[in-house]
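Architecture and fold: a report
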Amino acid sequence: MDKENQKAQVKEFGAFLCTGRCSRCTGMLLLTLATTAIIANLLLYFPNGQVLASAKVTNLVWFFHGFLGAGLLVMVPAVMLLRAGGEGCWAHRHGMLLPVLLAILGTMGAVYCVVISSLGLLSGPFCDTGSGNYTYPFRNDTLENSYLFNQPSWTTCQEPEHIVLWHVVLFSILLGIGAVEAALCLSQAVSGLCDIFCGTCIRKGQVTITGL
């Protein structure tokens, strides 16, 4: 009977170590993605590397979906995960509620980034078509005739140079980052809720193995 208990304790301790490693890996990945999102959002302010007046930059960048949504709001749960991975699980259920709330906040920020990035891809870049006035030449395109699937139409935008490619690449990166972050944060929120209501979390130092 003692041997069976020892085996169960070893199994639980191994699960705890795995949880700590997974938390650190997830936290590090989220931190990397959030930093990349901030950089991508920053680059949107400088179309093709040019410094333009704010009136010549697409208005969607002022929603700060990379800075705030996929950036700062995701960095907070990422840091919390890194702390949890290093210290083990939280000591009591009330203490575990904060990481869950932060993971939900990160999920909302990431989803916000996905929504704004999708709108950015659908509306297209803000550019000069040759008339000297900046406009959204692809905003009224249908999905079937979208500029995204019609690369020759990109020549409609004459200034800034290569603005369509710049716009599509950066908004696509932010869309992908937001989707991955949303999945990771949501999984952490669900895992935390399971720990709270099912008591599956093992506090660091709680498991003791004797007789080995």
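Everything numeric in this text was worked out from a predicted model, so none of it was measured.

Calculation criteria
Residues numbered from 1 in each chain as written. Predicted model: local features only at pLDDT ≥ 70, side-chain atom pairs only at ≥ 80, totals over all residues. Heavy atoms only, no water. UniProt positions renumbered as here; feature names shortened; annotations may be inferred. Helix = DSSP H or I, 4+ residues; strand = E, 2+ residues; numbered from the N terminus. Disulfide = S-S within 2.5 Å. Core = buried A, V, L, I, M, F, W, Y, C linked by side-chain atoms within 4.5 Å. Buried < 20%, exposed > 50% of the residue type's maximum accessible area, 1.4 Å probe, protein only. Contact = heavy atoms within 4.5 Å. Phe/Tyr/Trp six-rings, centres within 6.5 Å; stacked < 30°, edge-to-face > 60°.

1. Points about the UniProt feature "transmembrane region" (unreviewed entry) in the chain
UniProt records the feature "transmembrane region" (unreviewed entry) for residues 29-48, 60-84, 96-122 and 163-186 in the present numbering. Across residues 29-48, helical content stands at 75% and strand content at 0%; the span's end C-alpha atoms are separated by 28 Å. Here residues 163-186 is 100% helix and 0% strand, with 34 Å between the C-alpha atoms at its ends.

2. Points about the state of the cysteines
Linking two cysteines covalently via their sulfur atoms produces the bond known as a disulfide. Across all of its chains, the model carries one disulfide by this definition. Put simply, Cys-127 and Cys-157 are joined by a disulfide, and their sulfur atoms are 1.9 Å apart. Classification of the bridge connecting Cys-127 and Cys-157 rests on its S-S torsion, roughly -55 degrees, and on that basis the disulfide is left-handed. Here Cys-157 lies in the loop between β2 (134-135) and α4 (163-198) and Cys-127 lies in strand β1 (residues 127-128), a separation of 30 residues in the sequence.

3. Digging into the nonpolar core
If you look at the biggest cluster of nonpolar residues, it comprises 31 residues, and the most contacted ones within it are Leu-30, Leu-44, Tyr-147, Cys-157, Val-164 and Leu-174. Of the residues forming this core, the biggest block, nine residues, is contributed by α4. For Leu-44, the residues in contact, after removing those within four places along its chain, are Val-57, Val-61, His-65, Trp-166, Leu-170, Phe-171 and Leu-174.

4. Quick notes on the environment of Val-190
With respect to the secondary-structure elements, Val-190 resides in helix α4. Since its relative accessible area comes to 44%, Val-190 is described here as partly exposed. Measuring from C-alpha to C-alpha, the distance between Val-190 and Ile-104 comes to 9.1 Å, with 86 residues separating the pair along the chain.

5. Observations regarding the packing of aromatic side chains
Counted by the stated rule, this structure contains seven aromatic pairs. Between the aromatic rings of Trp-62 and Phe-64, the centroid separation amounts to 6.5 Å while the plane-to-plane angle is 85 degrees, which identifies the pairing as edge-to-face. On the basis of an interplanar angle of 45 degrees and a centroid distance of 5.7 Å, the ring pair of Phe-126 and Tyr-134 is categorised as tilted. When sorted by exposure, Phe-126 lands in the same class as Tyr-134, which is buried. Linked through ring pairs, Tyr-45, Trp-62, Phe-64 and Phe-67 together constitute an aromatic cluster.

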